[in-house]
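Structural overview
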Amino acid sequence: MTFRQDHLLGIEPLAPDEITSILDLADDYVALSRSPDKHVETLRGLTQINMFFENSTRTQASFELAGKRLGADVMNMGLAASSIKKGETLIDTAMTLNAMQPDLLVVRHPHSGAVDLLAQKVNCAVLNAGDGRHEHPTQALLDALTIRRKKGRLHRLSIAICGDIAHSRVARSNLILLGKMENRLRLVGPPTLMPAGINELGCEVYEDMAEGLRDVDVVMMLRLQKERMDGGFIPSEREYHHLYGLDADKLSHASPDAIVMHPGPMNRGVEIDGTLADDINRSVIQEQVEMGVAVRMAAMDLLARNLRDRRAAA
Ligand code: NCD
């Protein structure tokens, strides 16, 4: 296993062999999670604190389950009820928690860069569970694991990422990861939802779904992130669905065995047709959720090994 990191703040700092190590270990944790006794003692004695400054269903639940399956003591901070509401800064909150001797800190925050900043202030391993529009590394890793298991490889695939790219940390982390693993990447969506500096990303850009999806192996849909829009990005949801909502007709342009992905939560009838999302022959959305637990177990296991080594050497 090759994994040299103290924190998991993004995909950017990871080398391809580190990505492969996480996915290989995650495969073992998929098997464990499917077995009758899902509990191991890998993180026994360690304390994991989940700090979510932004709403989350899947990510928070899967980090909690992952920690518990690995035998850690897991605490979820109810941040709405904490001092955040009284104006305490992110750093003050982090320092308070740091004083309680956590070993793993899982943080989601609405501001890009907030999790990196926090990691500099605490003496435990920090995992980014999504910071603003910046990165969401465990989402990209679970997507990669899903693709690798379904397609049998994670290189030389043609992958289309579609929809609201501009506001999406999921798209950013996926672009970085899938690019590092040498896949052919396409971005498909209206120009208003493409990020600035798109030409430097090294992918093909399409405005038309039929063209963008032609012969691809993987179709990754993104949620229209209304909470990050301050008006004017799309004419109407109905129009958006007509042009960019994935349905069987648009999917027919992709390779016949193309898989359909979505990180959730889905806006059914907006970026994806509900029937297609539920079609177990095409959609791997439920597998993505399952892989999420395994990938988070693997990431925390590897970070805890490095943490223990560092502490033993100190
Ligand atoms: C994503 C997120 O929060 O960035 N969701 C998730 O983690 N499963 C994507 C989104 O909110 O659209």
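Presented here is a report on the structure given in the accompanying data block. (Residues numbered from 1 in each chain as written. Predicted model: local features only at pLDDT ≥ 70, side-chain atom pairs only at ≥ 80, totals over all residues. Heavy atoms only, no water.)

Below, the discussion takes up the site of the ligand. What surrounds the ligand is the set Arg-58, Thr-59, Arg-108, His-136, Gln-139, Arg-169, Val-170, Arg-223, Gln-225, Pro-263, Gly-264 and Pro-265. A distance of 2.7 Å separates an oxygen atom of the ligand from a polar atom in the side chain of Arg-223. Within the complex, 93% of the 320 Å² of free accessible area of the ligand lies under protein. Contributing elements (two or more residues each) for the shell around the ligand: helix H2 (58-69) and helix H6 (169-180). Taken together, the residues of the shell around the ligand sort by class into three nonpolar, five polar and four charged. Residues from two domains meet in the shell around the ligand; each of domain 1 (7-134 + 289-313) and domain 2 (137-284) gives at least three. (Near = heavy atom within 4 Å. Polar contact = N/O pair within 3.5 Å; in protein donor to acceptor, adjacent residues only side chain to side chain. Areas by Shrake-Rupley, 256 points an atom, 1.4 Å probe, with all protein chains shown as cover. Helix = DSSP H or I, 4+ residues; strand = E, 2+ residues; numbered from the N terminus. Nonpolar A, V, L, I, M, F, W, Y, C, P; charged D, E, K, R; others polar. Domains from an automatic or database assignment.)

Here we take up the sheet that holds strand E4 (residues 125-131). Remark on secondary structure: sheet strands pair via backbone hydrogen bonds, oriented parallel or antiparallel. The four strands are arranged E2-E1-E3-E4 in an open sheet whose pairing can be described as parallel. Each edge of the sheet is formed by a strand with only one pairing partner; in this case those strands are strand E2 (73-77) and E4. Put simply, the sheet's adjacent strands are angled 15° from each other on average, direction ignored. Summarising the sheet, strand E1 (residues 47-52) and E2 pair through five bridges and their orientation is parallel. Of the residues in E2, the one forming a bridge with Met-51 is Met-77. Where helix H3 (residues 90-98) meets the sheet, it contacts E1, E2 and strand E3 (104-109), and its direction lies at approximately 160° from that of E1. (Pairing = 2+ DSSP bridges. Axes fitted to C-alpha atoms, helices over the stretch in contact; angles between N-to-C directions. Contact = heavy atoms within 4.5 Å.)

With that settled, the discussion passes to the environment of Leu-154. The residue Leu-154 is located in the loop between helix H5 (137-151) and strand E5 (158-162) in this model. Leu-154 gets classed as buried once you look at its relative accessible area, which sits at 7%. Remark: the alpha-carbon pair of Leu-154 and Thr-20, spanning 134 residues in sequence, is separated by 9.5 Å. Once you skip the residues sitting within four places of it in the chain, Leu-154 turns out to touch Leu-23, Ala-144, Ile-147, Arg-148, Leu-177, Leu-178, Met-181 and Asn-183. (Buried < 20%, exposed > 50% of the residue type's maximum accessible area, 1.4 Å probe, protein only.)

Attention now goes to the packing of aromatic side chains. Within the structure shown, the criterion is met by one aromatic pair. With 5.6 Å between their ring centres and 35° between their planes, Tyr-240 and Tyr-244 make a pair best called tilted. One end of the pair is Tyr-240 and the other is Tyr-244, both in helix H8 (residues 237-244) and four residues apart, which spans about a single turn. Residue Tyr-240 is classed as buried on the basis of its relative accessible area of 3%. Residue classification places Tyr-244 among the buried residues on the basis of a relative accessible area of 9%. (Phe/Tyr/Trp six-rings, centres within 6.5 Å; stacked < 30°, edge-to-face > 60°.)

With that settled, consider the nonpolar core. Judged by nonpolar contacts, the single largest core of 64 residues is most densely connected at Leu-127, Leu-141, Ile-147, Ile-161 and Leu-177. The leading source of residues in this core is helix H11 (residues 285-313), at 11 residues. Split by domain, this core shows at least three residues from each of two domains, domain 1 (7-134 + 289-313) and domain 2 (137-284). In contact with Leu-141, not counting residues within four places along its chain, are Leu-8, Ile-11, Ile-19, Ile-22, Leu-23, Leu-177 and Val-295. Counting 25 residues, the second largest nonpolar core, distinct from the first, contains Val-219, Leu-246, Val-260 and Ile-272. (Core = buried A, V, L, I, M, F, W, Y, C linked by side-chain atoms within 4.5 Å.)

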